[in-house]
Every structure is written in C-alpha cells, then in structure tokens.
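Structural overview
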Amino acid sequence: MNLDLNTIWFILVGVLFTGYAMLDGFDLGIGALHLFTKDDLERRTLLNAIGPVWDGNEVWLVTGGGALFAAFPNVYATVFSGFYLAFILLLVALIFRAVAIEFRSKQPMRWWRQMWDIGFSVGSLVSALLIGVAMGNIAWGVPIDAHGEFAGTFLGLLKPYPLLLGVTTVALFMMHGAIYGLMKTEGALHDKLRGWAMNSIIFFVICAAITTMATLLYVPHMAARVRENPWLFSLALVNMLAIANIPREFYHGRDWKAFLSSCATMITLMALFGVNQYPYLVFSQPNPDNSLTIYNAASSEKTLGIMLIIAGIGVPLVVAYTICIYWIFRGKVKLDRMSY
Amino acid sequence: MDVLTLARIQFGATVAFHYLYPPLSIGLGILLVVMEAAWLKTNNPIYHQMARFWTRVFALTFAVGVATGIVMEFEFGTNWATYSRFVGDVFGSALAAEGIFAFFLESGFLAVLLFGWDKVSRKIHFFSTCMVCLGAHFSAVWIVVANSWMQTPAGYHLVTHDGVTRAEITDFWQLVFNPSSVDRLFHVLCGAWQAGAFLVVSVSAWYVLKNKYTDFARASLRVGLTVGLIASLLQLISGDSSARGVAKNQPAKLAAFEGLYNTESNAPLTLVGYVDEKDQKVVGLQWPGLLSWLVAHNTQATVTGLDAFPPQDRPPVEASFLFFHGMVGVGFAMIAIAALGCFYSWRKVLFEKRWLLWILVFSVLGPQIANQLGWFAAEVGRQPWIVYGLMRTPEGLSAVVKANVVLTSLILFTFIYFLLFAVFIYLLNDKIQHGPDDADLTRSGKLALPTELTHHEKT
C-alpha cells in the first residue's frame, strides 16, 4: 500500500461514512427506540435531544455520497443503479424520518403525532437496516459484469450475511442512540433509557459476535489482510476492548465515556472493514476480475488532487463549527416553546 | 412507456417539487438577515417578533427542502448512471463541494438559528443566521455551477479509458466560471430572493386585509416589498444578460425560446403568441428588430435560427417557447406589482388600496411559477443534449435499470410528494393563522438581561 491520491480518497470517503455512522447513528438509534416510549413528553424530550443536530448529521451522508460521486464515479454509478430499489427505499425512509421530526409536534392531535411517530421510528429503523444490508453486500461481494455494471437482482441482495449485517447495524445504532439519550436526559426518562441501553448493549454484543463468526467462516476475504499482517490484529483488539468498555462505563453511570466507547467501536469497525476491503471498493463475486477498485473506478489524478484541496479547506472548518454547535447545545434537554 | 421517458418524468417531477423549497430558504434567509440586523440596530422588538415568526416558516421549508434534495443526489446514480460515469470527474466535484461548503454550513448553524434563541447572545445568533443564509447561497452556487457546466461545458477534456470516454477536469476555475455560470447563478439567486420576499409580502398583506397583527404586518410588508422590488429589478438586468449569454453559447436554445426558425437580421421579439410547429412560424404580436437589439444591441444584427441546426439537434420548440415566455411575462408582472406596492407605500396610502393588497396576497405564486417555468425552459431548451454538444439525453441512462422499477419509484415519489405538499400547506396555513407570537415582543432568557450580556461579551 502506498499513500497515493486514490488511497487518500479511499480513506476520506471512509472517514465521511464513519462520521455519518457516529453522528446520524445515534439519531437513527433514537428513532428506532422512539415507539418504546408511550408518553408524549418523553417522546418530545428524545426528539429534542437530536433536534438541533440531526440535520447536520445527515449531511455527512450527503457529502459522503457526493465525495463518492466525485472521487469514484464508477462505484457511484454501479452501486446506485444496481441497488436501485434498495436506495429508493432508503430515500423514502430518510424522507419520512426528516419530515416526521419537523412536522410531529406542530399539531396537538393524538392521531397526528402517532402517525408521524410511526413515520419517524419506521423511517429510522429501515434506514439503519438498509445501510447495514448495503455494507453487507459490499463486504460479501456482488455480481459485476465485464463493463463494470451490476449483474444481479434486488432479491439477490437479501442474502443471509447482508441481512445479518443489517440487523447488527440496527443493534449498533440502537445502542448508540440509547447511550446518547442517557447523556441528554435526566430523572425517570433517564432511568427508563438505562433499561433500553442495557438491552441494546446485549443485543449488539450478540449480533457482533455472530457477525464476527460469520465473517471469519463465510467471508474469508474480509479477514485476509489482518491474517497476512498480524500487527493489524491490534485493530481488532482495540475494537473488542472498545465494545467491552461500553457495559463497563455504563455500569458506572459514566454516560459520556460509554458514548465515546461506542464511537470508538464504530471507528474500529469501519477501519477493519476498510483495511480488509482495500483496494476494492466493490468486490465482484463470483468473478473477482470485474471488481471495482480504487484505481479502475476513480476520477483522474487531477480531479482527486483538486478535491483534496477542497476537502483540506472545508473539512477542518466543518469539524470546528460542528464542535462549537455541539458545545452550545451540550447538557440535558430542556423543552421550551421553540422545541419540537 | 419506455425507461427514457419514465426516467425523464421522474427527474423532472422530483426536481420541480424540490425546487419549490430551496428558493424560499435562500430568499427567507436574506430576509431573516435583514430583520435581525434591523433588530440589532434599532432594538425595536417588532423586528425580533418578525425574525422569530419567519424563522418558524423557514424551518418548515428547510425540512421539506432537505428531505426532497437528497433524492436528487441519489437519482443521478440510480437513473442516470452512464451520465454519472461520463461527468463524475467534473460534475461530482461540484456536488461534493456543495456538501462540504454549503450543506454543512447551512444545517450546522440552522441549529443555532432555530433553537439557540435563549442559548447564545444576540450577536452570535445574528452571525448564525448570516451563516445559514450564506450556506443556502453557497448551495445555489455549486449546483448552478454543475448545471451550467451541462449547458456550457468548459475546463475539461475527453479521455478514453478501455473504450469508455468521459470528461475530465483540465482547469477547475474554467469549470467553475464556465461561460454561463455567473449569469445563471445571478438569475437563480434573484428568483430565490423574489420567492422569499413575496412570501413575506403575501402573508403580511393578508394580515393587513384581515386587520390582524397590524403593526407586525405593516413592518413586514415594507421589508418584503423593498427586498422584492430590488430583487425584481435585478432580475430584469440578470435576465437580459442571461439571454444574451444563451444567444452566444446555446443559439439553438435561444432560437427555440423565440420560435425563430429562420436565421435573420432585424429579428422580431414576440410579446404574446404561440408557435405553429407545423408551418414553422410564430403566431402573435411581434416587435420587429427587438430580438436583434436585445442580443447584440443593434436591430440589424443577425440572430441564428433553428435552420442552422439539423432537426435531430433542435430542442422542442413550442414547449421551450411557452416556458420561456411564461417566465418573462410573470417576471414583468412582478416588477409592476412590487413597484406599485412600493410607490403606494412611499405615499403612505398602501393600506387603503385593498385591491392592491389582494394582488399582493396572490403575488407569492408569481416567483414560484416563474422559477419553475424558467428551469423548464433552461432544461427543455438544452435538449436533445444532457451535456450540451457532448452527450445526448438517451445516452445518459442507467444500463441496468428497467422501466418497471422506474415506474414503481415514480409512483411512490408522486404519492409521497403529494402527501408532503398537502401537509406542508396545512402546516404553513396553520402558522399563518396562528400569527406572530406576542411573547416575542418581551425579552426572555439571555435576551432579558442586555446590560449583563454586553458585559459578558467583553470578557
């Protein structure tokens, strides 16, 4: 591996999607847990916990998609046209999630709120599931023809392994969301969330164990690089320690440390995914020669260079003001008349 | 229907629906900046009340804009994959820049704009409002740059890898400042400012007519009319400049806009009329030489007609003509309405002219109609090309997508968008009926202690 522009963009696209998982992950997790609360005040509190930030969090996905389009247009074209129905479903889910947050509390009627609550929750759940299934397909490999076009079917994307990854993603986001919720709530709701956080940690640990086993048994190429470079096992080790640290911090009631561990879990998982995937972007199964790599799917050197300058100016700014905004909205949620 | 037709309908429908909202975000963004600036300067609580009220409307339009916007980004890949492969190197860069420079800025500071009233100082809040407004404008910059590159490609060369040709960047700044981008950006922004201003005008005029929230409504109406008139006049300058650009860069498009079949000097401008496509002529009221004069500032100048292009390179004439003329007509009407409103407002008799107030109530539709028609004209006039002169629209389709899946998603989006539109109108109406909050006239939270605040800021 040499650090050329293609590799840098492989990493940067990975960073954008990891940022998306860490940030919008808790929004989707809060959404997936939304229907478990029955009380309107509690639902509003949870909605407002993500209220000021979910919109900016979704931009990580939009920018990740844009970066993929710009840096690896062939991957963007093949994956989006190949996973057509899956992406349309994801769009519908994201639309309902977005407008439900905005519309829900604008009217007091019970049926109105119930309707958007369902839209918000199902939208979040389906988004998380589909993102996981897409990741699972990329890991497993999809049929690609000699022209680099997707040669499979929609139903062919619903294999057990991708579905397993979908469920694991839901579990991961639920855990992440529940822990985020702990940081933003107090009193009875906080106690209730502790129960959910506990359950979702267990749910996630079980899913993670099954996924790890399934990957080692059935998707050996997703462990190949770590096998060849034993020092990379440290990454897997850090990942396991991060996961183990979540229940520990949770037990001691250190919510924000549990949240950081959850973030570390996501970062290391994505790093393991990237390390084993490299230099493939879409692995072709059954014919690996047709795979899309960071070289045959990339934009020109010149464009990758220009984009690097754009990212070099833009990303530090984004990170700086995102931190400021999270700082402004730190602490427990207090509902006021501007709240959702 | 075949995949091509369905994919075109889908893109047209989703982008048209989406485009009802971003102009409002951009336009209201400017108005919010003006209102908050006025509040900061004068300390008059009515401007605070105004900013708070329009922020709530802004939040509504922003949410639908975001939700429908992400669809556009995905659609390039789902329906137009071959196009995406061809332009990704160029077009993708502009889209990624839009994400990094515009969307993050806009949605990040939106948090402070919407929820930060009691959490930050007035100045920080004003700064956040400016950043949201700036972000909204940046998003227009990058998407118009990308679209303008499709109209007038520049700063690229064609490269063939493994038998597949694509466009690659040679000069980034030539790409950004391609021959049509500055004119078109200005045109789009003026349209957006008009959309925001006339929404404010319309709601305020309604309140005046109904004798509700009178102080608020009168002040809002003045702000809205002023911005509306400035934007409408700038739009006239911008439209003139854009049209001359089209004549120079896309002569087939201009010929279609004006239904000019034969290349001629002393070319007429049609004021009202329609195109008779069978006999290849325009029926209607024409002003001889005006088109030549507008294009070259000389009535004897030659304007290229459609006869200079083989039939397969001509855009659909009648549709282009109608969209273009519809847009221009509405544009002039907006100038007249805004000018009349400002005139009476200056003479301090506006609130007695109920007939004009009623026109102002409906004026909100004008910019929306003109914006939609303008985009239809711009995109239909570019046909048969998806990238002008480089790639034809049918060539851009995804290779693996079948008609039935496009139809399914088209039906799904149509259904959801009708639902969204109904809910949006319902909630907007609810906000308008509810009106501005009187609680916004009294200081609360951090704002309640202005002296302490100044002290705090210094430290």
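A brief look at the structure comes next. (Residues numbered from 1 in each chain as written. Chains lettered and ligands numbered in written order. Predicted model: local features only at pLDDT ≥ 70, side-chain atom pairs only at ≥ 80, totals over all residues. Heavy atoms only, no water.)

Looking at the overall build of chain A
- Within chain A, the secondary structure is distributed over 12 helices and 2 strands.
- Taken over C-alpha atoms, the radius of gyration comes to 20 Å for chain A, in line with the 20 Å a tight globule of 340 residues would show.
- Counting only residues that meet the buried cut, chain A has 60% of its 340 residues in that class.
- Sequence separation of 24 or more characterises 79% of the internal contacts of chain A that already satisfy a separation of 6 or more. (Helix = DSSP H or I, 4+ residues; strand = E, 2+ residues; numbered from the N terminus. Rg over C-alpha atoms; globule rule 2.2 N^0.38 Å. Buried < 20%, exposed > 50% of the residue type's maximum accessible area, 1.4 Å probe, protein only. Contact = heavy atoms within 4.5 Å.)

Some thoughts on helix α4 (residues 81-115) of chain B
Residue and element names in this part refer to chain B.
- Taking 1.5 Å per residue, 35 residues should reach 51 Å; α4 reaches only 40 Å between its end C-alpha atoms and comes up short.
- At Gly 88, α4 shows its largest kink, close to 85 degrees.
- Taken across its 35 residues, α4 has 33 buried, putting it largely inside the fold. (Expected span 1.5 Å × (residues − 1). Bend = angle between axes of the 7 residues up to and from the residue.)

Regarding the interface of chain A and chain B
- The partner chain B presents 75 residues to the 68 residues of chain A that form the contact.
- Taking both partners together, chain A and chain B bury about 6200 Å²; carbon and sulfur atoms supply 74% of that area.
- For the pair chain A and chain B, the number of links is 1 salt bridge.
- Across the pair Arg 85 of chain B and Glu 149 of chain A runs a salt bridge whose closest N-O atoms are separated by 3.0 Å.
- Put simply, the parts of the chain that give the side of chain A that touches chain B at least two residues each are α3 (54-71), α4 (73-82), α5 (84-103), α6 (110-140) and α12 (301-328) of chain A.
- Tallying contributions element by element places α5 of chain A first for the side of chain A that touches chain B, with 14 residues.
- Class assignment of the residues belonging to the side of chain A that touches chain B gives a composition of 43 nonpolar, 17 polar and 8 charged. (Buried area = accessible area lost by both parts, 1.4 Å probe. Salt bridge = Lys/Arg side-chain N within 4 Å of Asp/Glu carboxyl O. Nonpolar A, V, L, I, M, F, W, Y, C, P; charged D, E, K, R; others polar.)

Topic: the nonpolar core
- Judged by nonpolar contacts, the single largest core of 241 residues is most densely connected at Phe 72 and Phe 103 of chain A together with Trp 54, Tyr 83 and Leu 360 of chain B.
- The biggest single contributor to this core is α4 of chain B, with 20 residues. (Core = buried A, V, L, I, M, F, W, Y, C linked by side-chain atoms within 4.5 Å.)

What to know about the packing of helix α2 (residues 22-42) of chain B against helix α8 (residues 214-249) of chain B
Residues and elements named next belong to chain B.
- Look at α2 against α8: their axes get within 11 Å of each other, and the N-to-C directions meet at 130 degrees. Relative to α8, the element α2 is oriented oblique. Of the two possible hands of crossing, α2 and α8 adopt the one that is right-handed. Residues Ile 30, Leu 31 and Val 34 of α2 pack against Val 223, Gly 224 and Val 227 of α8.
- Classifying every residue of the contact of α2 with α8 by side-chain character gives 5 nonpolar, 1 polar and no charged. (Axes fitted to C-alpha atoms, helices over the stretch in contact; angles between N-to-C directions. Parallel < 35°, antiparallel > 145°, perpendicular 65-115°, else oblique. Left-handed = near helix turned anticlockwise from the far one by under 90°.)

None of this, on its own, says anything about what the molecule does.
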